[in-house]
Amino acid sequence: MTRYKKNYMEVCLTTADGVQHLRLYGYLKRSDIPIKSETVTNAKNQFGMIIIICDSDTLADLKVREDLFESISVMDSEDMRWGLYKTMKNEKIVDQIKDFMFSFDFSNPKESIETMLERANETSISLFRKNQSFVDDYVNTDQLSFEEKVKDLESMIIYFEKLERYEDCALLVEIKEKVKKFHLKNYLHNG
């Protein structure tokens, strides 16, 4: 079992569709709740899964916000963690998400945060490339502000630019332009 200071725990949240997934993701980011991993499963009755690190107070606050997720499970053992993944029907997805699982090391937070950001960026670009509905949901959601979306995309562009992954940068710039057009359209419409 992964151990955390101050009674922190891993909690798995599942979502039913892309909109709910984005709403949950936006809420977690705005609330500064660390996201350990995120995946889109598209399994029957489940769109995605987000694993967070939180304390009991945060967990209690989340349980009140039932509209943000389909199910919530405290992952108190390695067996529980893998049990959740094994419930997914698609073995290919299970193989893919093994790479995104890691334990947050509070003794070396800088390295853990860098690893978490790297994996978040890789997961996001993978979703953007494979799933146009994810791009559309990201552009159209009002759960993230215009500024948050632009900042998020710009940080990903910088990350991939450092890796000289210019095709990924181009895709992110394209999404950023869609975000700007969507914002401008809504701004002019709601004036």
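What counts and how
- Residues numbered from 1 in each chain as written.
- Predicted model: local features only at pLDDT ≥ 70, side-chain atom pairs only at ≥ 80, totals over all residues.
- Heavy atoms only, no water.
- Helix = DSSP H or I, 4+ residues; strand = E, 2+ residues; numbered from the N terminus.
- Buried < 20%, exposed > 50% of the residue type's maximum accessible area, 1.4 Å probe, protein only.
- Contact = heavy atoms within 4.5 Å.
- Areas by Shrake-Rupley, 256 points an atom, 1.4 Å probe, with all protein chains shown as cover.
- Core = buried A, V, L, I, M, F, W, Y, C linked by side-chain atoms within 4.5 Å.
- 1 Å grid on protein atoms, 1.4 Å probe; cavity = no way out; pocket = protein on both sides within 12 Å on 5 of 7 lines; lining within 4 Å.
- Points joined across faces, edges and corners; volume = space filled by probe spheres on them.
- Nonpolar A, V, L, I, M, F, W, Y, C, P; charged D, E, K, R; others polar.
- Patch = residues over 30% accessible without salt bridge, like charges linked within 9 Å, V, L, I, M, F, W, Y side chains within 5 Å.
- Salt bridge = Lys/Arg side-chain N within 4 Å of Asp/Glu carboxyl O.
- Arc of directions from axis to C-beta.

**Q** Break down the overall build of the protein chain for me, citing the residues and quoting the values.
**A** A tally of helices and strands in the protein chain yields eight helices and four strands. Secondary structure elements in the protein chain, listed N-terminal to C-terminal, are β-α-β-β-α-β-α-α-α-α-α-α. Counting over 191 residues, the protein chain shows a buried share of 43%. Expressed as a percentage of contacts within the protein chain between residues at least 6 apart in sequence, the contacts between residues at least 24 apart total 64%. Carbon together with sulfur atoms contributes 50% to the accessible area of the protein chain, which is approximately 11,100 Å² in total.

**Q** Account for the nonpolar core, naming residues and giving values.
**A** Residues Phe128, Tyr138, Leu153, Phe160, Leu172, Ile175 and Val179 are the most contacted members of the largest nonpolar core, which totals 22 residues. Counting residues per element, the ones that place at least two in this core are helix H5 (109-130), helix H6 (132-140), helix H7 (146-162) and helix H8 (166-190). Broken down by element, the residue count for this core peaks at six residues, all from H7. Discounting residues that sit within four places of it in the chain, Leu172 has contacts with Ile125, Phe128, Leu153, Met156, Ile157 and Phe160. Judged by nonpolar contacts, the second largest core, of 16 residues, contains Met9, Ile35, Cys54 and Phe69.

**Q** Run through empty space enclosed by the protein, naming residues and quoting values.
**A** Under the counting rule described, the total for this entry stands at one cavity of 30 Å³ or more. The class makeup of the residues in the lining of the largest cavity is six nonpolar, one polar and two charged.

**Q** Can you lay out a nonpolar patch on the surface for me, pointing to particular residues and giving the numbers?
**A** The grouping of Leu184, Tyr187 and Leu188 at the surface amounts to a nonpolar patch, some 370 Å² of accessible area in total. Among the structural elements, Tyr187 can be located in helix H8. Note on Tyr187: relative accessible area 55%, which makes it exposed.

**Q** Outline H6, listing residues and values.
**A** Taken together, the buried positions of H6 are Phe134, Val135, Tyr138 and Val139. With its buried residues spanning 130° around the axis, H6 presents them on a single face.

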